[in-house]
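Spelled out, the chains give:
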Amino acid sequence: MSIADKGKDALRGIAQAAVKKAVELVPGSLLPGGRPDPLVRRQHGQIGKPVSRVDGPLKVRGAAPFAAEIALDGMVYAALAHSTIAKGRIAAIDTAAAEAAPGVVLVMTHRNAPRLNPPPRFLSGDKAAAGDDSPVMQDDRVRWNGEPVALVLAGTQEQADHARSLITVTYEEEPAATTLSSSDGCEVGTFMGEPLSVKVGDADAAFAAAVHKVEAVYRTPGHNHNALEPHAATLVWRSDELFIHDATQAVAHTAWSMAQIFGLEEAQIHVSSPFVGGGFGGKGLWQHQILAAAAARLSGRPVRIVLSREGVYRIVGGRSPTEQRVALGADADGRLTAIIHRGVTPKTRHSPMPEPFILPTQSAYAAEAIALEVQTYHLDMVANTFMRAPGEAVGTVALECAMDELAERLGVDPIELRIRNEPDKDPISGRPFSSRNIVAAYRAGAERFGWDRRSPVPRSRREGEWLIGMGCATATYPYHRMPGGAARITLDAAGHVRIDVAAHEMGMGTATAQAQIAADRLGLSLEAVTVRYGDSSLPGVILAGGSQQTASAGLSVMMAHRELVGELLKLAGNDSPLAGLGADEVEGTDAGLRKLDEPGRFESYASILARSGRTELVAEGSAPMPLETMHWSMHSHGAMFCEVRVNAVTSETRVNRFLGSFDCGRIVNPKMAASQFRGGIIMGLGLALMEETQFDARKGRIMNRTLADYHLPVHLDVPDIDVIWTDIPDPHTPMGARGIGEIGITGTGAAVANAIHNATGRRVRDFPITLDRLL
C-alpha cells in the first residue's frame, strides 16, 4: 500500500469514529429543539460531491457579467485625481483646462460636490461597510497621499484620463505622521469591539523561570490588495433611487451604507454584484463608489468608474506591517509554560482595525501562562483594512517560526513538539473545542509528505549547488457565522427550486455550494436547483468575508427549507400519506417527502402542490443568532509542509513541494475546496518570499504601486501543491463544515521560512525572505 493510501485509510478511520460521536448534539445545536442535523450524521446526496462550478461555462465563454461590463445608455466614464501629499490642505485647484478638454461632462471637486454624510465605518454597525470613514470630497483637507481631490466625467475613458492630467493642485503641506517616532504614541488596539490584550497567569515570570526558552522579533511588511479584477462600479440614478452594479463582497451592507451617506432610505439603494473577480477583504465600500454616485447625481448621467491598478493602491486599504515579539518558555519535557506574543502595528484613525496578529496564538497551544497584546499607532496613510486571514496570516508567521526555533533548541521533532503542546480545551476561554483534529491532520500529512526523510541537521541535504530543506507549521483560522442570514425558497409544480439569498460569488463557487445544500435537503438533482445571489433586494445580510459565507448562507437555506417543509405538510392535508407528521419527522428524497423511520409514507412535491391547487410554494427562513460560538471554541486547522531548494551560490529560493493537510469539518465540495486551499497557499508563498508594500515615509506614499513593482507569485514560482483533509464533520456547525477560504494562507509563510532554515541554517525573521536576506 502506498504512503498516500495509508494516509487516506488513517483519515477514513478517524472520520468514521468522529461521525459516530456526532449523532447527538449538546447545547449549542443549530436546529430547533436541539435536534441533530442529519447532514452531520451521514453523507447524503449532493454534499461532499466534487461538482464542477455551475458558473464555469459562463466564465470560460466570457459571458459572466462583471461590474465594469454593465452597459447603460448615455453612460460616461470617471477618472480620479489623487493628492500628492500626506497631510495638509488644498490651497488652490485649477480645473479650467480639464473642463475645456474634449468630451468632458463634469469636473467635481470639494467646491461643487454634493453634501454627503461620513461613510459608516465597517464594524460600527450591523450593516456598515466603509473601509474608511473620512469625509468624501467635503472639504479642502488632505488626509493621506492618494486621497481623491477631483473626479472627471467624460464620454470615453481616454478623454477622462486626459482631462484628469490637466488639473493642477497647489497644497499647503503640514507635518504628517508617517513613522512610529512621528506618531502620537501607541495604545492597545481593538478588534471586533474587543481589546487586543489577553493575560492568563504571569507569563513574564513563567518565561523567566522556564528551563528552555526562545525569544525573537519577527517583522512582516505591509501588503496590498491585487485582485484580478480592479475595483469598479457602474451606476445610475433613476429619480431618487440609486442603482449600483458593484464589485463588492457586501451587497446588503453597501446598500445600507450608501443610504446613510446620501440621506436616503435603504430601499432607495439597489446594489447588484453578479460576479466579483477576487475580493480577499478589499472589495468593500471605498471612496470610488461614493464619488461616482455623487458625480452621477450632479451630472444626471450614468457613470462607470474603474480604478486603475495604481488607483487601487492609492485609495483601497491593505494589510499593515507588524513587528512581533514572541517568547516561548518550556519545561524539561518541552511542554510550554509561557507564551508571550506582543508587538506593534500602524493604522489610520479612519480605519476600523489594526492587524490583529495575536489571534492565532489565542487557541494554538496549551501553556500555564499566556500574555498577548497588539499595540497600535496612527499614521497619515491610506486606510488599512481586512486582507485574507487578517491577523492569522502574519501572526502564524511569528508564532510558528518561534515554535520551530524552540524545537531546534530542545532537539525535538517540530511536529512532535506541536503535538506535545496540544490543548484539550481553549487556552484562553476554557471552552471545549467543537471539533479539533489537527493531530490527525499532522499524522496523515507527515506520512504523505515523507516527513521521515527530513534531516534534523540544517544544511545537511545537498544536490549540486542546491541546498534542500523541509519545514512545517500549523495553520489556524476561526469559525465565523454572522447574524442576519436569511434565504427564500420557491418550489414549483415541475419540481424545480429557486434559492434567493444575498450572497456573493468571488470565485469560490457560492451558487454551486448552495445548490448542493438545497438539493441535499430537498432530495432533488443538482440540475433542479437554481441559485440567485449578489443583489441587495434578496433576503439576508450576508458578508463574503471571514470564511463564513457558506455557513451563513447554508444555514439560512436550511431554515428556509424547514419553513417550506412545514408549509408542504399543511398543504398535504388529511388524505396524504404524510398526514399528521411534523417537519422533524420527514426528510426530502426523490423529489418529495417521506417519513424518516417509515419510508413507505411518501408523497412527491408535485402531488402535494396539485392536491392544493398551487403552481408554486414560497417559504423564507432566517438563521438563528450564532450562539454556537458561545458554547464552543471553533476553528479550522491545517498542517503545512514545505520543501525548498536554496542555491548555495546565489541564494535563489525555489519552493520544490508543498502539502496542506486540513481539518475543516465536512468538505461540501472537494473540487472547489481543493482550489480554495491551493489559492490560499499560493498567496502564502507570496507572503513568504516576495510580497512587500514599500512605503516612502518622506511623502507618505506607496512607491511600488503597480504589478511591475509589487511582486506576486507567478506560475514558475508555484510548485505542484498537494492538499488532503480529514473530512470529519463538526457537529456544531451548519452542514458540519467550517471555513476554508482563508486557512490556506495561514501557516504557509512559517512553513517556508522553517524549510529555508533547515536547508541553509539561516534564520530569517524579517519578511519577505528575499535574496539579500539569505546572502
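The preceding data block contains the structure.
Residues numbered from 1 in each chain as written. Predicted model: local features only at pLDDT ≥ 70, side-chain atom pairs only at ≥ 80, totals over all residues. Heavy atoms only, no water.

All right, on to the packing of aromatic side chains then. Counted under the stated rule, the structure contains 11 aromatic pairs. Seen from their ring centres, Phe-191 and Phe-386 are 6.2 Å apart, and the 50° between their planes marks the pair as tilted. Residue Phe-191 is found in strand β8 (residues 190-191), and its partner Phe-386 is found in the loop between β18 (369-378) and α10 (392-410); the two are separated by 195 residues along the sequence. Pairing Phe-275 with Tyr-533 gives two aromatic rings, centres 6.4 Å apart and planes at 80°, and the pair type is edge-to-face. Within this pair, whereas Phe-275 is found in the loop between β14 (269-272) and α8 (287-299), its partner Tyr-533 is found in the loop between β23 (529-532) and α14 (549-572), the two being separated by 258 residues in sequence. By relative accessible area, Tyr-533 is classed as buried at 16%. When the ring centre of Phe-207 is taken as origin, the NZ or CZ atom of Lys-213, which lies over that ring, is 5.1 Å away. Across the ring face of Trp-237, the terminal group of Arg-297 is positioned such that the distance to the ring centre comes to 4.2 Å. (Phe/Tyr/Trp six-rings, centres within 6.5 Å; stacked < 30°, edge-to-face > 60°. Helix = DSSP H or I, 4+ residues; strand = E, 2+ residues; numbered from the N terminus. Buried < 20%, exposed > 50% of the residue type's maximum accessible area, 1.4 Å probe, protein only. Lys NZ or Arg CZ within 6 Å of the ring centre and 35° of its normal.)

A few words on the pairing of strand β26 (residues 598-604). With 4 bridges connecting them, strand β25 (residues 592-595) and β26 associate as antiparallel partners. What sits directly across from Gly-592, in β26, is Ser-604. From the end of β25 to the start of β26, which pair antiparallel, there are 2 residues. (Pairing = 2+ DSSP bridges.)

As a further point, take α10. Because each turn of an α-helix spans 3.6 residues, side chains separated by three or four positions in sequence point in the same direction. A rise of 1.5 Å per residue sets the reference length of α10, with its 19 residues, at 27 Å; its end C-alpha atoms lie 26 Å apart and thus fit the reference within 8%. Of all 19 residues that make up α10, 17 are buried, and the element is covered over most of its length. (Expected span 1.5 Å × (residues − 1).)

Let us look at the packing of helix α13 (residues 510-522) against α14. The interhelical angle for the contact between α13 and α14, taken along N-to-C directions, is 30°, at an axis separation of 10 Å. The orientation of α13 with respect to α14, classified from their angle, is roughly parallel. As for the relative orientation of α13 and α14, their crossing is right-handed in sense. Here Thr-510, Gln-514, Ile-517, Ala-518, Arg-521 and Leu-522 of α13 come into contact with α14, specifically with Gln-549, Thr-550, Ala-553, Gly-554, Val-557, Met-558, His-561 and Leu-564. Residues that form the contact of α13 with α14 fall into these classes: 7 nonpolar, 6 polar and 1 charged. (Axes fitted to C-alpha atoms, helices over the stretch in contact; angles between N-to-C directions. Parallel < 35°, antiparallel > 145°, perpendicular 65-115°, else oblique. Left-handed = near helix turned anticlockwise from the far one by under 90°. Contact = heavy atoms within 4.5 Å. Nonpolar A, V, L, I, M, F, W, Y, C, P; charged D, E, K, R; others polar.)

What follows covers the side chain of His-253. The topology assignment puts His-253 in helix α7 (residues 251-262). With residues up to four places along the chain from it excluded, the contact list for His-253 reads Asp-126, Lys-127, Ala-128, Ala-129, Val-541, Ile-542 and Leu-543.

The next thing to look at is the pairing of strand β12 (residues 232-238). Along β12, 6 of the 7 residues are buried, which leaves the element largely enclosed by surrounding structure. Note that β12 and strand β15 (residues 303-306) share 4 bridges and pair antiparallel. Of the residues in β15, the one forming a bridge with Ala-233 is Ile-305. Taking the residues between adjacent antiparallel strands as the criterion, β12 and strand β13 (residues 241-246) are bridged by 2 residues, where Ser-239 takes a positive phi near 60°.

Another point: the sheet that holds β15. What holds strands together in a sheet is hydrogen bonding between their backbones, with the strands either parallel or antiparallel. Spatial strand order, β3-β5-β1-β15-β12-β13-β14: 7 strands in an open sheet with mixed pairing. This sheet does not close on itself; its edge strands, each paired only once, are β3 (104-108) and β14. Along the sheet, successive strands turn relative to each other by an average axial angle of 20°, direction set aside. The strands touched by helix α5 (residues 157-165) within the sheet are β1 (76-82), β3 and β5 (148-154), with β1 carrying the most contacts at an inclination of about 25°.

Before going further, it helps to examine the packing of α10 against helix α18 (residues 748-760). In contact at an axis separation of 8 Å, α10 and α18 are set at 35° when each is read in the N-to-C sense. Here α10 runs over α18; the crossing is right-handed. Every residue of α18 that contacts α10 at Thr-396, Val-397, Glu-400, Cys-401, Asp-404 and Glu-408 is listed here: Gly-749, Ala-750, Ala-753, Asn-754 and His-757. Taken together, the residues of the contact of α10 with α18 sort by class into 4 nonpolar, 4 polar and 3 charged.

Right, let's talk about the side chain of Gln-676 for a bit. Mapped onto the fold, Gln-676 is located in helix α17 (residues 670-689). Gln-676 has contacts with Arg-388, Gly-507, Met-508, Ile-740 and Gly-741, leaving out every residue within four places of it along the chain.

It is worth spelling out α7 at this point. With 12 residues, α7 extends 17 Å between its outermost C-alpha atoms, agreeing within 8% with the 16 Å of an ideal straight helix rising 1.5 Å per residue. Inspection of α7 places Val-251, Ala-252, His-253, Thr-254, Ala-255, Ser-257, Met-258, Ala-259, Ile-261 and Phe-262 among the buried residues, and these make up the whole buried set. Structurally, α7 contributes buried residues whose contacts are with β12, β13, β14 and α8. In the segment just after α7, Gly-263 is the residue with positive phi, at about 70°.

Before going further, it helps to spend a moment on the environment of Ala-441. Along the chain, the position of Ala-441 falls in helix α12 (residues 438-449). For Ala-441 and Ala-292, which are 149 residues apart along the polypeptide, the C-alpha to C-alpha distance reads 48 Å. Excluding residues that lie within four positions of it along the chain, Ala-441 makes contacts with Ala-639, Ser-661, Phe-662 and Thr-726.

Right, let's talk about the sheet that holds strand β4 (residues 141-142) for a bit. Read from one edge of the open sheet, 3 strands run β4-β2-β6, paired in antiparallel fashion. Among the strands making up the open sheet, the edge pair consists of β4 and β6 (168-173). Relative to β4, strand β2 (residues 88-94) runs antiparallel, the two being bridged by 2 bridges. Its bridge partner lying in β4, Arg-89 is registered against Arg-141.

Bringing unusual backbone geometry into the picture now. In this chain, Phe-767 is followed by Pro-768 through a cis amide linkage whose omega measures 0°. With respect to the helices and strands, Pro-768 occurs in the segment after α18. One non-glycine residue, Leu-123, adopts positive backbone phi at about 80°. Among the secondary structure elements, Leu-123 is positioned in the loop between β3 and β4. Positioned with a positive phi, Met-192 is a non-glycine residue whose angle comes to about 55°. Relative to the helices and strands, Met-192 is located in the loop between β8 and β9 (194-195). The exposure class assigned to Met-192 is partly exposed, which follows from its relative accessible area of 44%.

As a further point, take the environment of Pro-577. Following the sequence through the fold, Pro-577 ends up in the loop between α14 and β24 (586-589). In this structure the C-alpha to C-alpha distance between Pro-577 and Leu-524, which are 53 residues apart in sequence, comes to 20 Å. Sequence-distant contacts of Pro-577, defined by excluding residues within four places in its chain, comprise Arg-601, Phe-602, Glu-603 and Arg-611.

Residue placement: Leu-291 occurs in helix α8. A residue is classified by how much of its surface remains accessible, and Leu-291, at 1% relative accessible area, is buried. The spacing of Leu-291 and Glu-69 is 222 residues in sequence and 19 Å in space, taken between C-alpha atoms. Each residue touching Leu-291, except ones within four places of it in the same chain, is listed here: Leu-80, Met-108, Val-136, Met-137, Pro-148 and Leu-151.

Nothing here speaks to function; it is all geometry.
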